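Each chain, letter by letter, is given below.
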Amino acid sequence: MNLGVRWTLHGDGRTPAPGAVVRPDERLSWPRTAGLGAQHVVAMFGASFVSPILMGLDPNLAIMMSGIATAIFLLATRGKVPSYLGCSLSFVGVAATIRASGGDSATVTGAVFVVGAALFLAGLAVQRFGAHIIHTVMPPIVTGAVVMLIGFNLAPVTATTYWPQDQWTALLTMLFTALAVVCLRGFFSRIAIFLGLVFGYVLSFVLDRVFGRIHSPAGGAEAVDHWRLDLSGVGKADWVGLPSFHAPSFEWSAILVALPVVIALIAENAGHVKAVGEMIREPLDDKLGTAIAADGAASMLSTAVGGPPNTTYSENIGVMAATRVYSTAAYWAAACFALLFGLCPKFGAVVAAIPGGVLGGITVILYGMIGLLGAQIWINAKVDMRNPLNLVPAAAGIIIGVGGVSLKITDTFELSGIALGTIVVIAGYHLLRAFAPAHLKQQEPLLDSGTSTYDEADKHPDERP
């Protein structure tokens, strides 16, 4: 059985020829392959470390399970789809909502486990019936709206939890990260979030030495005197040891909050597989179902032991685009490095000590980027927002999801925020489509063009210069 773990040496194993690419079944020399693997780990550092911290989960376990998840993904796709699986940011809002309702880490991982199972089943369905069912059930207007409301639903978390802990550090970290994203080139632009974390970390250390303790909220509602950067846990942590594990707990209310993320993950996987296929000049539509199912299975395994869910990372796809090295051997090396990092509690303690103000500056950009990915889905699919069949369900669902609108079903059960917004978008779109006249279903612009475009050709002759 071909598991995709055999590679032929590309050229002399040193540097690819100009214009050449290293294909998934090829590799460079093992030292260079190991270096590329380390580069992939660094590329996913920022988001993959921030995610578990924001979700209240063990970052050591998150990194270790990301390595295991990547290995599962590579084996399942037989080495045809080079990708790294890191902690998904799509679940941060879900975790915040569940915890705000009194849930703990077990409740969070239990809800996410069910999402992983749903993703696994969705992958099997795609594998059986073809990739077209994704567009039929979840057209771009739906997936874009759901991704947008998931991202923007996180805005209060930044505004009320992280930013107030140290507003000036948050502001400077935000500015530095923005400059890094926009001004840096190549590999460094791919790790801009990581560089922002390092900048904020060092800045907090310097401010502590210059100005002493800060009086602000520190993980609680009341302001207290505290160090911006508390490294007391680092000295107590061991160099080698297992991360903390816990079993998931299942509650229907938490599961319903988490399930809408399945839509975002399917869209994310589909986009990444398509991007990789275009880069290696090989259609991978037949691998889409397998990739989605593998992502779901890996997330189930991670959450079963108390870790966060995983998904393919665009940061690593960017590294491949920059280096033109698509070898899955590099991803196996990255998986091994991640596993080793996960077995170092001291490393995890350094990550866990990231100051709240730093997270405030990072999440302002990060959460906004998640939300605007929804708009990017609309743009790429050329969704016409002048058509009320698109506009109405998306508008209603986004406001419900972002605003935290609730619908009380019984005295003990209600739908709100992300869950209710997603239901409104999906059910609303398909219900309206069932009753809509034929000309609306053809996606023709029905609203006045002046609502979205206005150029010289639209003006009355008397108004033209």
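Since the model is a prediction, treat every value here as computed from it, not as a measurement.

Draft legend 1. Spotlight on the packing of aromatic side chains. Under the defined criterion, the tally for this structure stands at four aromatic pairs. Considering the side-chain rings of Trp 7 and Trp 30, the 5.9 Å spacing of their centres and the 85° angle between planes classify their relative orientation as edge-to-face. Linking Trp 7 in the segment before strand 1 (8-9) with Trp 30 in helix 1 (residues 30-55), this pair joins segments that are 23 residues apart in sequence. Under the relative-accessibility criterion, Trp 7 is labelled buried at 19%. A relative accessible area of 44% means that Trp 30 is categorised as partly exposed. Ring centres of Phe 113 and Phe 250 lie 5.8 Å apart, and the angle between their planes is 70°; on these two criteria the pair is classed as edge-to-face.

Draft legend 2. Local environment of the pattern of salt bridges. If you walk through the whole model with that rule in mind, you get four salt bridges. Arg 23 is paired through a salt bridge with Glu 282; the nearest N and O atoms lie 2.7 Å apart. Residue Arg 23 is found in the loop between strand 1 and strand 2 (26-27), and its partner Glu 282 is found in the loop between helix 13 (261-279) and helix 14 (288-304); the two are separated by 259 residues along the sequence. Among the ionic pairs, Arg 228 bridges to Asp 166, the shortest N-O distance being 3.1 Å. Note that Arg 228 is positioned in the loop between strand 5 (223-226) and helix 11 (232-236) and Asp 166 in the loop between helix 7 (155-162) and helix 8 (167-183), a separation of 62 residues in sequence.

Draft legend 3. Structural view of helix 16 (residues 328-342). The terminal C-alpha atoms of helix 16, which comprises 15 residues, lie 21 Å apart, in line with the 21 Å expected from a rise of 1.5 Å per residue. Residues Thr 328, Ala 329, Ala 330, Tyr 331, Ala 333, Ala 334, Ala 335, Ala 338 and Gly 342 constitute the buried set of helix 16. Where helix 16 begins, the capping side chain belongs to Ser 327, and its oxygen is found 3.1 Å from the backbone nitrogen of Ala 329.

Draft legend 4. Spotlight on the nonpolar core. In this structure, Met 55, Ile 266, Ile 354 and Tyr 367 are the most contacted members of the largest nonpolar core, which totals 91 residues. Element by element, the count of residues in this core is highest for helix 13, at nine residues. With residues near it in sequence (within four places) discarded, Tyr 367 still touches Leu 54, Val 92, Gly 151, Leu 154, Val 157, Thr 158 and Tyr 162. Residues Val 22, Leu 28, Leu 36 and Val 325 belong to the second largest nonpolar core, which totals five residues.

Cut-offs applied
- Residues numbered from 1 in each chain as written.
- Predicted model: local features only at pLDDT ≥ 70, side-chain atom pairs only at ≥ 80, totals over all residues.
- Heavy atoms only, no water.
- Phe/Tyr/Trp six-rings, centres within 6.5 Å; stacked < 30°, edge-to-face > 60°.
- Helix = DSSP H or I, 4+ residues; strand = E, 2+ residues; numbered from the N terminus.
- Buried < 20%, exposed > 50% of the residue type's maximum accessible area, 1.4 Å probe, protein only.
- Salt bridge = Lys/Arg side-chain N within 4 Å of Asp/Glu carboxyl O.
- Expected span 1.5 Å × (residues − 1).
- Polar contact = N/O pair within 3.5 Å; in protein donor to acceptor, adjacent residues only side chain to side chain.
- Core = buried A, V, L, I, M, F, W, Y, C linked by side-chain atoms within 4.5 Å.
- Contact = heavy atoms within 4.5 Å.

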